[in-house]
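Given next are the chains, with one letter for each unit.
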Amino acid sequence: MVVTVFRHLWVFPLLLAQLLLLLAGVCQAEDPFVFYDWVVSYTTASPLGVKQQVIAINGQFPGPLVNVTTNNNVVINVQNNLDEPLLMTWPGVQQRRNSWNDGVLGTNCPIPPSWNWTYQFQVKDQIGSFFYFPSTNFQRAAGGYGGFAINNRVFIPLPFGTPEGDIDIFIADWYNKNHTDLRKILDDGKELGMPDGVLINGKGPYRYNDTLVPDGIDYETVKVHPGKTYRIRVHHVGISTSLNFRIQNHNLNLAEVEGSYTTQQNYTSLDIHVGQSYTFLVSMDQNASTDYYIVASARFVNTTIWQRVTGVAILQYSNSKGPAKGPLPSSPDDFYDKYFSMNQARSIRWNVSASGARPNPQGSFRYGSINVTQKYLVQNKPPSLVHGKLRTALNGISYVNPATPLRLADQYKLKGIYTLDFPTKPKDGPPVMATSVIDGTFRGFMEIVLQNNVTSVQSYHLDGYAFFVVGMDYGEWTENSRGTYNKWDGVARSTIQVFPGAWTAILISLDNVGFWNLRSENLDSWYRGQEVYIRVVNPEITNKTELPMPSNVLYCGALAHLQKPQKHKSAATALIAGRGGALLSSLLVIVSYIFLLV
């Protein structure tokens, strides 16, 4: 035995070298991995003084921050401890070549109760401020949301001085009813009505008014140091109400919106619509004679009736001399100028000289000189009855989610799950319920004009892409409207508002293969059918432009019989079981050989 061991000692250095090379290859072949393990569950909270059920992640409401760097591989293991299916989505995080992890019903089977599932995707060539949330069953109305920050790599300079710190602020209109009760209201063909208030970071308003705000409400306090500048990322994670955001006596220097650096300009307040994220640089340049109000209040409503729909937090300097006092800073008054908010939106421009995720300037992509290959005029209308249900629609199609996700149906070549016949223009007549999909041309350039024919602001979001906002105006869009497009520095973003009786035009470079969800971010409109998917397929036989189907894919609908029993894993072990399986196998071979030698 001893002789055998000594005879083969010369092999050990070779095996050790092989092991080290293998480990180095895994570590260096790809960008760094970041791991998160989440437990999504109900908890009890009283943000507006009424005890109710909210959705928390790891016991937190709002949930934990996903804080990563450009090109990181993100691995998030989600344990569903709710009593209903769950999907998490990451709007604006583009997931290049990987709609398998988009977290919406067109691409993923939902995670059943008591099951877990691991999302894995790369934040390829991205920077910016985003958020995540549960995408099904109206669950976002109960929480489950949190921040998603993608930071510049070290060698890519920021187009502004390094801030003292990062602050995430979540603003949301809120109801004291559970999300299941809100769902039932919509299912019964009724409207949700006026919200009960506005939350800031999951908390109710500071008691700025003894009549409107009851005693004992927990409110948010943001602590800062005088003379410093902070990056404040503001996310509208609410249901359907546009909100105006402002900080008493402080300018909001807009610097970035949903992954694009903007030309820096100061606002005293900014209208933020459902689903949107903005980054401001805020200098703490006041004398701190008191604390200061942070306010998010309802827009485009009767302010007298909606006065209680106001969120108030506190900005507190470290040398503050006392509590905030006096009236709240005023919101804009559009009574005599209906273009105020639209002109504010038009003023947001791309910083074409700043580097984004890559060293080259953002504006080096000359979107204005690309020929448009596909055109869609997409119109909404007020909700109407379809088969006894109150439904919303786009171009006369009220979208129906099939039991089998679209991407999974394509993978297994299932027929009859959806149709590629979404109309390029609005259809006359009553809406119909269907699973109609836009057939996008890979590497084509698509124009989508969103026409809003309802009386409230609608926000629209597209997964998988940043689109260029090139125009908006009141009235009906016509062919002549293209003459007003901004073809130079229209901002690239993923969520845009369309004002009542107005249109917004966007341009999209279809370079990301997969099924991608275009939807209203207003939860009531989305829930009732105001969405569509864009199918982008590489026609080449050897398709290397999309990642393969993940090994942990969930099956449902027509493919439910393929689903294997659940095995619970952490984010790290899920990676080993999947992409890291080869490493584990190699290690086992080496270790086994060593034992054989001994």
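So, here is what we can say about the structure in this document. Note that the coordinates shown come from a computational prediction; the quantities given were computed from them, not determined experimentally. (Residues numbered from 1 in each chain as written. Predicted model: local features only at pLDDT ≥ 70, side-chain atom pairs only at ≥ 80, totals over all residues. Heavy atoms only, no water.)

1. Regarding the overall build of the protein
Thought 1: Each helix and strand counted, the protein has eight helices and 33 strands in total.
Thought 2: For a compact globule of 598 residues, the expected C-alpha radius of gyration is about 25 Å, and the protein comes in at 25 Å, within 12% of that figure.
Thought 3: Overall, the C-alpha framework of the protein stretches about 95 × 65 × 50 Å when taken along its three principal axes.
Thought 4: With 598 residues in all, the protein has 56% of them scored as buried.
Thought 5: Across the protein, every contact between residues at least 6 apart in sequence was considered, and the portion connecting residues at least 24 apart equals 79%.
Thought 6: Accessible surface, the protein as shown: approximately 25000 Å² in total, 55% of it carbon and sulfur. (Helix = DSSP H or I, 4+ residues; strand = E, 2+ residues; numbered from the N terminus. Rg over C-alpha atoms; globule rule 2.2 N^0.38 Å. Buried < 20%, exposed > 50% of the residue type's maximum accessible area, 1.4 Å probe, protein only. Contact = heavy atoms within 4.5 Å. Areas by Shrake-Rupley, 256 points an atom, 1.4 Å probe, with all protein chains shown as cover.)

2. Points about the sheet that holds strand β2 (residues 52-57)
Thought 1: The strand order β2-β1-β4-β6 describes an open sheet built from four strands, whose pairing is mixed. If you trace the sheet from one side to the other, it starts and ends with β2 and β6 (116-122), each paired once. Ignoring which end each strand starts from, the neighbouring axes of this sheet average 20° apart.
Thought 2: The pairing of strand β1 (residues 33-45) with β2 spans six bridges and is antiparallel. In the strand pairing of β2, Thr44 is matched with Gln53. (Pairing = 2+ DSSP bridges. Axes fitted to C-alpha atoms, helices over the stretch in contact; angles between N-to-C directions.)

3. Concerning the pattern of salt bridges
Thought 1: Tallied over the full model, the rule gives 23 salt bridges.
Thought 2: For Arg207, the salt bridge goes to Asp210, with nearest N and O atoms at 3.6 Å.
Thought 3: What makes Arg207 partly exposed here is its relative accessible area of 34%.
Thought 4: In this structure, Glu447 engages Arg482 in a salt bridge whose closest nitrogen and oxygen atoms are separated by 2.8 Å. Pair noted here: Glu447 is in strand β26 (residues 445-452) and Arg482 is in the loop between β28 (467-474) and β29 (492-493), with a separation of 35 residues, a long-range link.
Thought 5: Look at the salt bridges and you will find they share partners, linking Arg140, Asp463, Arg519 and Glu521 into a network. (Salt bridge = Lys/Arg side-chain N within 4 Å of Asp/Glu carboxyl O.)

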